[in-house]
Amino acid sequence: MLNGFKDFILRGNVISMAIGLAVGAAFTAVVTGFSTAFITPLIGLATGSVGDFSTAQFSVDGAIFPYGKFLAAAIAFLITAAVLYFCVVVPMTKVQNRFAPSKDQKVDIKAALRDCPRCYTEIPAIASRCAHCTSEVEPDPEALALAKLPAQR
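Quantities reported herein were computed from a predicted structural model and do not represent experimental measurements.

Trainee: How do you make sense of the nonpolar core when you look at a structure like this?
Mentor: A general trend in soluble globular proteins is that nonpolar side chains are found buried together. The biggest cluster of nonpolar side chains holds 5 residues, and these are Cys116, Ile123, Ala127, Cys130 and Val137. Excluding residues that lie within four positions of it along the chain, valine 137 makes contacts with Arg114, Cys116, Pro117, Ile123, Ala127, Ser128, Arg129 and Cys130.

Structure follows, in structure tokens:
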């Protein structure tokens, strides 16, 4: 039982996820600190309240509602989301689009391979006869459709 747990923990994706969470938490702390130290006071000055508006609150029948803390947290969230989008998502999308095959590229119909059922050598998926043992084989219908060839009978 412990060996299975050890194997699970030492898998690369679990460790990568843990590192990502730790870096994400640290990044969130930095953005929250930046928002609290600089953005919130600037917005407070711009809106007419003196300095930091994160202490802003109102009360109803003795219950205190600190809406300023919510606004500070919302600003920190928006900054975090914007930085992650523009610094991670947009560049990764560009990289993926660069390496993705374009829609204009022709499909190489010989690239899809399968094994001959008689001699077990690799043959093209659209082949109707094995080049090695010359036995007749049924072409793969998906490969025929991908190559835009009619189904053979």
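Trainee: Mind showing me how you'd approach the state of the cysteines here?
Mentor: Cysteine pairs can be covalently joined through their sulfur atoms, and such a bond is termed a disulfide. Applying the stated rule across the entire model yields 0 disulfides. In this model cysteine 119 remains outside any disulfide bridge; the closest cysteine sulfur is found in cysteine 130, 3.6 Å from its own. Cysteine 119 gets classed as partly exposed once you look at its relative accessible area, which sits at 26%.

Trainee: I'm lost on unusual backbone geometry in this one. Help?
Mentor: Glycine aside, negative phi is the norm for most residues, and most peptide bonds take the trans geometry. We note that aspartate 61 has phi near 50°; this positive angle belongs to a residue other than glycine. Its place among the elements puts aspartate 61 in the loop between strand E1 (58–60) and strand E2 (63–65). Phi angles above zero are rare outside glycine, and threonine 134 is one such case at about 60°. Inspection of the secondary structure assignment puts threonine 134 in the loop between strand E4 (122–124) and helix H4 (141–146). Judged by relative accessible area, threonine 134 falls into the partly exposed class, the value being 49%.

Analysis parameters
- Residues numbered from 1 in each chain as written.
- Predicted model: local features only at pLDDT ≥ 70, side-chain atom pairs only at ≥ 80, totals over all residues.
- Heavy atoms only, no water.
- Core = buried A, V, L, I, M, F, W, Y, C linked by side-chain atoms within 4.5 Å.
- Buried < 20%, exposed > 50% of the residue type's maximum accessible area, 1.4 Å probe, protein only.
- Contact = heavy atoms within 4.5 Å.
- Disulfide = S-S within 2.5 Å.
- Helix = DSSP H or I, 4+ residues; strand = E, 2+ residues; numbered from the N terminus.

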